[in-house]
Amino acid sequence: MSENPSTSLIHARGLTKRFGDFTAVDAIDFDVAPAEAFGFLGPNGAGKTSTMRMIGSVSPITDGTLTVLGLDPRINGPQIRARLGVVPQQDTLDTELTVRENLVLYGRYFGLSREECGRRADELLDFAQLTERQNDEVEPLSGGMKRRLTIARALINEPELLLLDEPTTGLDPQARHLLWDRLYRLKQRGVTLVLTTHYMDEAEQLCDRLVVMDKAKIVAEGSPRQLIERYSTKEVTELRFPADVQDSLDGKLDGLAERIERLADRVLLYADDGEAVAVAAHERGLKPETVLVRRSTLEDVFLRLTGRSLIE
Amino acid sequence: MAALSHVLEHRAVQYRRTFRSSVFSSFLSPVLFLTAMGLGLGGYVDRSGGAALGGLTYLQFLAPGLLAATVMQAAAFEATFPIIGGLNWQRTFHAMYATPLSPRDIALGNLVWMAIRLAMIATVFTVVIIAFGAAHSPLVVLGIPVAVLTGMAFGAPIAAYSATQRTPNKFNVIFRFGITPLFLFSGTFFPIESLPGFLQPVAWLSPLWHGVDLTRGLVLGTLGQNPVAMLAHVIVLTTIVAVSTWAAVRTIERRLVRG
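Residues numbered from 1 in each chain as written. Chains lettered and ligands numbered in written order. Predicted model: local features only at pLDDT ≥ 70, side-chain atom pairs only at ≥ 80, totals over all residues.

A. Structural context of the interface of chain A and chain B. Facing the 22 residues of chain A at the interface are 22 residues of chain B. Every element with two or more residues in the side of chain A that touches chain B is listed here: helix H2 (73–82) and helix H3 (99–108) of chain A. For the side of chain A that touches chain B, a count of residues per class yields ten nonpolar, six polar and six charged. (Contact = placed C-beta atoms within 7 Å. Helix = DSSP H or I, 4+ residues; strand = E, 2+ residues; numbered from the N terminus. Nonpolar A, V, L, I, M, F, W, Y, C, P; charged D, E, K, R; others polar.)

B. Expanded view of the domain arrangement of chain A. Splitting chain A by domain gives domain 1 (10–224) and domain 2 (233–295). Between domain 1 of chain A and domain 2 of chain A, the C-alpha centre-to-centre distance is 40 Å. (Domains from an automatic or database assignment.)

C. Representation of the environment of B:Ala79 in the model. Residues and elements named next belong to chain B. Topologically, Ala-79 is positioned in the loop between helix H3 (58–78) and helix H4 (81–89). The class for Ala-79 is buried, based on 29 C-beta atoms found within 10 Å. Separated by 55 residues in the primary sequence, Ala-79 and Phe-24 have C-alpha atoms spaced 21 Å apart. For Ala-79, the residues in contact, after removing those within four places along its chain, are Met-114, Gly-155, Ile-158, Ala-159 and Ser-162. (Buried ≥ 20, exposed ≤ 12 C-beta atoms within 10 Å, placed from the backbone.)

D. Spotlight on the pairing of strand E6 (residues 161–165) of chain A. All names here are of chain A. Within E6, five of the five residues are buried, leaving the element largely enclosed by the surrounding structure. Here E6 shows two buried faces, one formed by Leu-161, Leu-163 and Asp-165 and the other by Leu-162 and Leu-164. Where E6 meets strand E7 (residues 192–197), five bridges bridge the pair, whose relative direction is parallel. Each residue of the ladder has a partner; that of Leu-164, found in E7, is Leu-195. Note that the unit made of E6, helix H6 (residues 173–188) and E7 has a crossover that is right-handed. (Pairing = 2+ DSSP bridges. Right-handed = clockwise from strand over helix to strand, strands pointing away.)

E. Representation of the sheet that holds strand E4 (residues 63–68) of chain A in the model. All names here are of chain A. As summarised here, the arrangement of the three strands in space is E2-E1-E4, forming an open sheet in which the pairing is antiparallel. Each end of this open sheet is capped by a strand with a single partner; those strands are strand E2 (22–32) and E4. Within this sheet the neighbouring strands show an average axis-to-axis angle of 25°, counted without direction. Here strand E1 (residues 10–19) runs beside E4; their pairing, made up of five bridges, is antiparallel. Among the inter-strand pairings, Ile-10 is bridged to a residue of E4, identified as Val-68. Its contacts with the sheet put helix H1 (residues 48–55) on E1, E2 and E4, and the angle it makes with E1 is roughly 120°. (Axes fitted to C-alpha atoms, helices over the stretch in contact; angles between N-to-C directions.)

F. Spotlight on the packing of helix H1 (residues 2–16) of chain B against helix H6 (residues 103–131) of chain B. Residues and elements named next belong to chain B. Where H1 contacts H6, the axes come no closer than 8 Å and their chain directions differ by 50°. With respect to H6, the axis of H1 lies oblique. As H1 runs across H6, the sense of the crossing is right-handed. Judged by residue contacts, Ala-3, Leu-4, Val-7, Leu-8 and Arg-11 of H1 engage Asp-105, Ile-106, Leu-108, Gly-109, Asn-110, Val-112 and Trp-113 from H6. (Parallel < 35°, antiparallel > 145°, perpendicular 65-115°, else oblique. Left-handed = near helix turned anticlockwise from the far one by under 90°.)

G. Up close: the environment of B:Arg166. All names here are of chain B. Tracing the backbone shows Arg-166 in the loop between helix H7 (143–162) and helix H8 (171–185). The class of Arg-166 is exposed, set by 10 C-beta atoms lying within 10 Å. Taking C-alpha positions, Arg-166 is 9.2 Å from Gly-85, a pair spaced 81 residues apart along the chain.

H. Expanded view of the sheet that holds strand E3 (residues 37–41) of chain A. Residues and elements named next belong to chain A. Ordered in space as E5-E6-E7-E3-E8-E9, the six strands form an open sheet in which the pairing is mixed. The sheet terminates laterally at strand E5 (84–87) and strand E9 (217–222), the two strands that pair on one side only. Put simply, the sheet's adjacent strands are angled 15° from each other on average, direction ignored. Alignment of E3 against strand E8 (residues 209–214), held across four bridges, turns out to be parallel. Within E8, the position partnered with Leu-41 by the bridge is Val-212. Most of the contacts of helix H8 (residues 224–231) go to E9, to which it runs at about 105°, and overall it touches E8 and E9.

As structure tokens, this is what we get:
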């Protein structure tokens, strides 16, 4: 990680966004290095989209400092936007145009010639696996196809930095995996990715490094692995009890694990050896309906940091 | 200006899809109106003598007013749904704002496109007026820019308002209590001198009346009879367009920045 603003693609210190009395982003600090895949992980309303819009130079910062590609968004908004690709949370495709026209006309906004737009559109249609649908209208496309077209459109200006706000929210698992594969290819080509997500699996799949956001603040920063090592144990044992039993468990689990989290429908026991915890629980005469031993995830990190689940 | 031309290119490609049906209905509307009102109703009006219309046939009186009024209606439509759609439904204006375009480019590009659309409608209408023999002066072609100016005196302020709305719920109010009464009572179908005395000053407040009177002067070649009034019409309409264009740039920018 680079702390030096001259080598960071994005450099933020005390970055703040307020709407009237409401503070959407509260004095956050972060840097994004070239060719990195950087994530903002947090629940809805944590301030992720407001942060992305400030980076995207479409929403003025209220306080602090922010440089994007070494430029100040307050002064150089158009120059910054010329070098960014943006995939917004909500599709902004033109449904009155065909798939191909969406790409070509968007390229024109970046001052590219029609020939150049056409050439790039061909490549991007191939990349987004939409060549066969290029002359179709946008509306009948599936959600996954629309997302891929939005990503292709964001790449028409060959951006140095690609901003993705909740790129796979609302997609089915197959469409998500296809999209992750495309994003992974971009990363391998050296495109810097900045994405927001409230899916911990997405953050683990795509991000080299991420910050966990909650209530307008950054509460932790590191690689997915570092965060798990720092804030959770190696394994988690999930015990699910009948509702009336779970309510009368007081004290019976004490000392079984390093840390115990009680959720509405199950109990999570954090320890490096999950099997041993399961055996010990059994020896105490506890009879859970189901026992699941698994590795810790970013979901556990989030729970530890905020006391809440990512998806509520 | 390059950025603005790209917005026009985008809108033109969108429009190409509906070009045929759009041109057809641009023809159909004046043909139907001038046949029913100008020839049909006009036949009765003319039998009672043309004194009230200053010696004109009713068709001659009606055609220029209807040109301005039709362009006004088209402007009201172009300034509501496409604007709210670009900002709230398809959100294409937000997509444009993620490029080097400024909110000003986006707002002005769409307003200029609106003016181009109105010019197309006015041109088709003028061709129909000539075909009906209702034009009496070569100045008839100047009716096109005047009709566009009149239309923009509605289009620009309505666009400024549309950009503040997230739903189209209040658009009905604009059409029902704004556009339709103005269409009927701004001297389009009968001279405003026929209105009750206290209502006449109200008609002067209508931008459409300024547009109708000006268009009528041009189409009928009677402009020279009252040059001061004509100049006043141009000043009123131009001022409305200038101020409300500035307002539309502001409201569209505010909406884009807010997200």
